[in-house]
Amino acid sequence: MIEIIQDDITKIKADAIVNAANTSLLGGGGVDGAIHRAGGKAILEECMNIRAAQGGCEVGEAVVTTAGNLPAKYVIHTVGPVWNNGKSNEEQLLASCYRNCLMLAIVHKAKTIAFPNISTGIYRFPKKKAAKIAMDTVLEVLGTTNGIQRVIFVCFDDENYDIYDELLDQLP
Ligand code: AR6
């Protein structure tokens, strides 16, 4: 089941929530800043351990940590591509983010997962294009795997909410 809501992702009680991080895994602005602020230092500590072990996280990849003080069980940190006019494989990399987060959720037996609109803030990925990639990739993975029962797209700004609402309406 796919759901769309307009909310702050730090408030969502899903098994896993996704963070739109950067390759350093050390936090930043936007949803990343909100998750680290609300989740507390346990998240940053695990991110620092992952950084020490594997040197951060590549664009399109994902890693998992505790959710600290958040109502979720896990935070899955993924690094979206910075939009470069479509010249740097951004569409494939964004699809990889969604795919890798879902795979990590399945490995951790998370049945519900909440996504922010990865790359559509500071990284300037065009929102309509990003939403279509997000929806298509999630549908493709849900159609070929078992385990995930609910995917929630958590939109923060009105524009993204309207785009996702329209996309969901168009589903068969
Ligand atoms: N809950 C849900 N969505 C949110 C929240 C929130 N609390 N806050 C913002 N958004 P962005 P990016 C939406 O910029 O483009 C960070 O500094 C926002 O409206 O958070 O992937 C990282 O460290 C937008 O639609 O992430 C990286 O350096 C979406 O989340 C860089 O930003 C993504 O916006 C990543 O940039």
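A quick note: this is a predicted structure, and the numbers were derived from the prediction, not measured.

Basis of the calculations
- Residues numbered from 1 in each chain as written.
- Predicted model: local features only at pLDDT ≥ 70, side-chain atom pairs only at ≥ 80, totals over all residues.
- Heavy atoms only, no water.
- UniProt positions renumbered as here; feature names shortened; annotations may be inferred.
- Helix = DSSP H or I, 4+ residues; strand = E, 2+ residues; numbered from the N terminus.
- Patch = residues over 30% accessible without salt bridge, like charges linked within 9 Å, V, L, I, M, F, W, Y side chains within 5 Å.
- Areas by Shrake-Rupley, 256 points an atom, 1.4 Å probe, with all protein chains shown as cover.
- Salt bridge = Lys/Arg side-chain N within 4 Å of Asp/Glu carboxyl O.
- Lys, Arg positive; Asp, Glu negative; His and termini not counted.
- Charge placed at Lys NZ, Arg CZ, Asp CG, Glu CD.
- Core = buried A, V, L, I, M, F, W, Y, C linked by side-chain atoms within 4.5 Å.
- Buried < 20%, exposed > 50% of the residue type's maximum accessible area, 1.4 Å probe, protein only.
- Contact = heavy atoms within 4.5 Å.
- Pairing = 2+ DSSP bridges.
- Axes fitted to C-alpha atoms, helices over the stretch in contact; angles between N-to-C directions.

S.K.: Please clarify how the UniProt feature "domain: Macro" (unreviewed entry) in the chain should be interpreted in this entry.
M.R.: The UniProt record marks residues 1-172 with the feature "domain: Macro" (unreviewed entry), using the residue numbering of this structure. The straight-line gap between the two end C-alpha atoms of residues 1-172 is 13 Å; of that span, 42% is helix and 19% is strand.

S.K.: How do you make sense of unusual backbone geometry when you look at a structure like this?
M.R.: Both trends apply: most residues other than glycine have a negative phi, and most peptide bonds are in trans. Of note in this structure, Asn 89 is not a glycine but carries a positive phi near 65°. Structurally, Asn 89 is set in the loop between β4 (74-79) and α3 (90-107).

S.K.: Quick question: what am I supposed to make of a negative patch on the surface here?
M.R.: Judged by side-chain charge, Asp 158, Asp 162, Asp 165, Glu 166 and Asp 169 come together as a negatively charged surface patch. Mapped onto the fold, Asp 158 is located in helix α5 (residues 158-169).

S.K.: Can you help me understand the nonpolar core in this one?
M.R.: Within the largest apolar cluster, 34 residues are counted, with the highest numbers of intra-cluster contacts made by Ile 76, Tyr 98, Ile 113, Phe 115, Phe 153 and Tyr 164. Per-element accounting of this core gives the leading share, eight residues, to α3. When residues no more than four places from it in sequence are discounted, the contact partners of Phe 153 are Ile 2, Glu 3, Ile 4, Ile 5, Tyr 98, Phe 115, Ala 134, Met 135, Val 138 and Tyr 164. Counting 20 residues, the second-largest nonpolar core is a separate cluster that includes Ile 9, Ala 14, Val 75 and Ile 152.

S.K.: What's the story with the sheet that holds strand β1 (residues 2-6) in this structure? I'm lost.
M.R.: In a beta sheet, neighbouring strands are held together by backbone hydrogen bonds and run either parallel or antiparallel to one another. Read across the open sheet, the six strands follow the order β1-β6-β5-β2-β4-β3; overall the sheet is mixed. Strand pairing shows two members of the sheet lacking a second neighbour, β1 and β3 (62-66), which therefore form its edges. The average undirected angle you get between the axes of adjacent strands in this sheet is 25°. Inspection of the sheet shows strand β2 (residues 16-21) paired to β4 by six bridges, in the parallel sense. Paired with Ala 21 across the two strands is Val 79, which belongs to β4. Running over the sheet, α5 touches β1 and β6 (150-155) and is turned about 155° from β1.

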